[in-house]
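# Survey of secondary and tertiary structure
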Amino acid sequence: MPSGFDFTTPDVQDWELEAIWDAVDRETLVFSRHAREEWSLDALTPGDVLDTISFPDEISKDLPGSSRAPGLNFDRHLGRVRLRVKVGWRDTYYVVVTVMAN
């Protein structure tokens, strides 16, 4: 696969989701140092991150050239808190770029 996402459209494609969920199932999804630091600051766990990716309430895409890093945003609403997990692509694998709760 030359790219992990279809950046010709802002629409989230089924194959993009399936590839990320497959990476979760195969335990090949990588967590960046930044993401690990961020979830620690928010008292989250790797399970919280994986649950957000696996059972999102909303999914959006950031395209290259915008103010945000390109990739998919998985949002999960836990009461009054929204957890967002950004998944990006690095050459041949998917990576959790950042995690935030607000």
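Here, every reference points to the structure presented above.
Rules used throughout
- Residues numbered from 1 in each chain as written.
- Predicted model: local features only at pLDDT ≥ 70, side-chain atom pairs only at ≥ 80, totals over all residues.
- Heavy atoms only, no water.
- Pairing = 2+ DSSP bridges.
- Helix = DSSP H or I, 4+ residues; strand = E, 2+ residues; numbered from the N terminus.
- Contact = heavy atoms within 4.5 Å.
- Axes fitted to C-alpha atoms, helices over the stretch in contact; angles between N-to-C directions.
- Core = buried A, V, L, I, M, F, W, Y, C linked by side-chain atoms within 4.5 Å.
- Buried < 20%, exposed > 50% of the residue type's maximum accessible area, 1.4 Å probe, protein only.
- Polar contact = N/O pair within 3.5 Å; in protein donor to acceptor, adjacent residues only side chain to side chain.
- Phe/Tyr/Trp six-rings, centres within 6.5 Å; stacked < 30°, edge-to-face > 60°.

## A word on the sheet that holds strand 5 (residues 93-101)
By definition, the strands of a sheet pair up through backbone hydrogen bonds, in either a parallel or an antiparallel sense. A sheet is described by the order of its strands in space; here five strands give the open sequence 1-5-4-3-2, paired in mixed fashion. What marks the edges here is a single partner per strand, and that holds for strand 1 (30-31) and strand 2 (58-62). Across eight bridges, strand 4 (residues 81-90) lies against strand 5 in antiparallel orientation. Across the sheet, the residue bridging to valine 87 is valine 96, located in strand 5. Across the sheet, helix 2 (residues 33-41) is in contact with strand 1 and strand 5; its angle to strand 5 comes to roughly 25°.

## Concerning the nonpolar core
Formed by 21 residues in total, the largest nonpolar core has its most connected members in Ile53, Val87, Tyr94, Val96 and Val99. When residues in this core are grouped by element, the largest group, five residues, is from helix 1 (residues 14-26).

## A short note on the side chain of aspartate 62
Tracing the backbone through its elements, the reader meets aspartate 62 in strand 2. In this structure aspartate 62 comes out as buried when scored by relative accessible area, which is 10%. A distance of 2.9 Å separates a polar atom in the side chain of aspartate 62 from a polar atom in the side chain of asparagine 73. Filtering out sequence-adjacent residues up to four positions away, aspartate 62 remains in contact with Phe7, Arg68, Ala69, Pro70, Gly71, Asn73 and Lys86.

## Here's the deal with the packing of aromatic side chains
Tallied over the full model, the rule gives four aromatic pairs. Centre to centre, the rings of phenylalanine 5 and tyrosine 94 are 5.6 Å apart; their planes meet at 80°, and the pair counts as edge-to-face. Taken together, the positions of phenylalanine 5 in the segment before helix 1 and tyrosine 94 in strand 5 put the pair 89 residues apart, joining distant regions of the chain. Among the residues examined, phenylalanine 5 registers a relative accessible area of 4% and is labelled buried. Given a relative accessible area of 5%, tyrosine 94 falls into the buried group. Judged by centre distance (4.7 Å) and plane angle (65°), the ring pair of tryptophan 89 and tyrosine 94 falls under edge-to-face.

## Digging into unusual backbone geometry
Even without a glycine there, the phi angle at glutamate 27 is positive, about 60°. Tracing the chain through its elements places glutamate 27 in the loop between helix 1 and strand 1. With phi around 60°, alanine 43 is a residue other than glycine that occupies positive phi space. Tracing the sequence through the fold places alanine 43 in the loop between helix 2 and helix 3 (46-54).

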